[in-house]
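Each chain, letter by letter, is given below.
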Amino acid sequence: VARIWVCGIDFSDLSDRVLETAAEELSHAGGGKLVIVHVLPTPTPPSYGFAIPAATTAVYERLHEEAVAQANETLDEKLAPLAERHPDIDIEPVVRTGEPAEELLDVTAAAEAHRIIVGSVGKGRLERLLLGSVAERVLRLAEIPVLVVK
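Residues numbered from 1 in each chain as written. Predicted model: local features only at pLDDT ≥ 70, side-chain atom pairs only at ≥ 80, totals over all residues. Heavy atoms only, no water.

Quick notes on unusual backbone geometry
- Its identity is not glycine, yet Phe11 carries a phi of approximately 70°, on the positive side.
- Along the polypeptide, Phe11 turns up in the loop between strand 1 (4–9) and helix 1 (13–28).
- A positive phi angle, near 55°, is found at Glu112, a position not held by glycine.
- The residue Glu112 is located in the loop between helix 3 (100–111) and strand 4 (115–119) in this model. (Helix = DSSP H or I, 4+ residues; strand = E, 2+ residues; numbered from the N terminus.)

Considering helix 2 (residues 54–85)
- With 32 residues, helix 2 should cover 46 Å at 1.5 Å per step; its first-to-last C-alpha distance of 47 Å lies within 8% of that length.
- Largest kink in helix 2: about 30°, centred on Leu79, with the proline Pro81 one to four residues after it.
- Three or more residues of helix 2 are buried, namely His64, Ala71, Thr74, Leu75, Leu79 and Leu82.
- Turning to helix 2, the residues buried within the fold contact strand 1, helix 1, strand 2 (32–40) and strand 3 (89–97). (Expected span 1.5 Å × (residues − 1). Bend = angle between axes of the 7 residues up to and from the residue. Buried < 20%, exposed > 50% of the residue type's maximum accessible area, 1.4 Å probe, protein only. Contact = heavy atoms within 4.5 Å.)

Re the environment of Gly30
- Positionally, Gly30 belongs in the loop between helix 1 and strand 2.
- What makes Gly30 exposed here is its relative accessible area of 54%.
- When the C-alpha positions of Gly30 and Ile89 are compared, they lie 8.8 Å apart, and in sequence the two are 59 residues distant.

Description of the sheet that holds strand 3
- Judged by pairing direction, the sheet is parallel, and its 5 strands sit side by side in the order 3-2-1-4-5 without closing on themselves. Looking at which strands have only one partner, the edges of the open sheet turn out to be strand 3 and strand 5 (146–149). Sheet twist, expressed as the mean angle between neighbouring strand axes with direction ignored, is 20°.
- As judged from the 6 bridges shared by strand 1 and strand 2, these two strands associate in the parallel manner. By the bridge assignment for strand 2, Cys7 is matched with Ile36.
- Sheet strands in contact with helix 1 are strand 1, strand 2, strand 3, strand 4 and strand 5, and its direction is about 170° off that of strand 1.
- Taken strand by strand, helix 2 contacts strand 1, strand 2 and strand 3, and its axis lies near 165° from that of strand 3. (Pairing = 2+ DSSP bridges. Axes fitted to C-alpha atoms, helices over the stretch in contact; angles between N-to-C directions.)

Side note on the side chain of Ser15
- Mapped onto the elements, Ser15 comes out in helix 1.
- Within the structure, Ser15 has its side chain in polar contact with the backbone nitrogen of Phe11 (distance 3.1 Å).
- The contact partners of Ser15, leaving out residues within four places of it in the chain, are Ile9 and Asp10. (Polar contact = N/O pair within 3.5 Å; in protein donor to acceptor, adjacent residues only side chain to side chain.)

In short, shape yes, function no, at least from these values alone.
What follows is the structure in structure tokens.
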């Protein structure tokens, strides 16, 4: 059975260290598949208690499509050199939309992964006060080993 690890990144400075750590550890373990997950927030136009016009919703959908395309492009840029340095690893980029911990755990279950790798803190200032909320939720809810990189 090949090793399958899932790595969650948010494009913060720590994400580069998370990616490199995941690749190094998986390579050291004999290689396998590394699923790299980036989660975008659900596009929700402000409603202020009123019905949201269809035109506004369409604008948010278009902006979200652009955000997905940009995230895929950024993943490709970040992962190309990683793939060159670690030819024993099959790297699969995934862009999802939703709540980061839930999406990361969903991808992990679908991939039947053996390990999850996340950063200790995310981009938000509030998250920096404690262990990042995504890392904390993943640690609490995951049924497989979790490596938290700081």
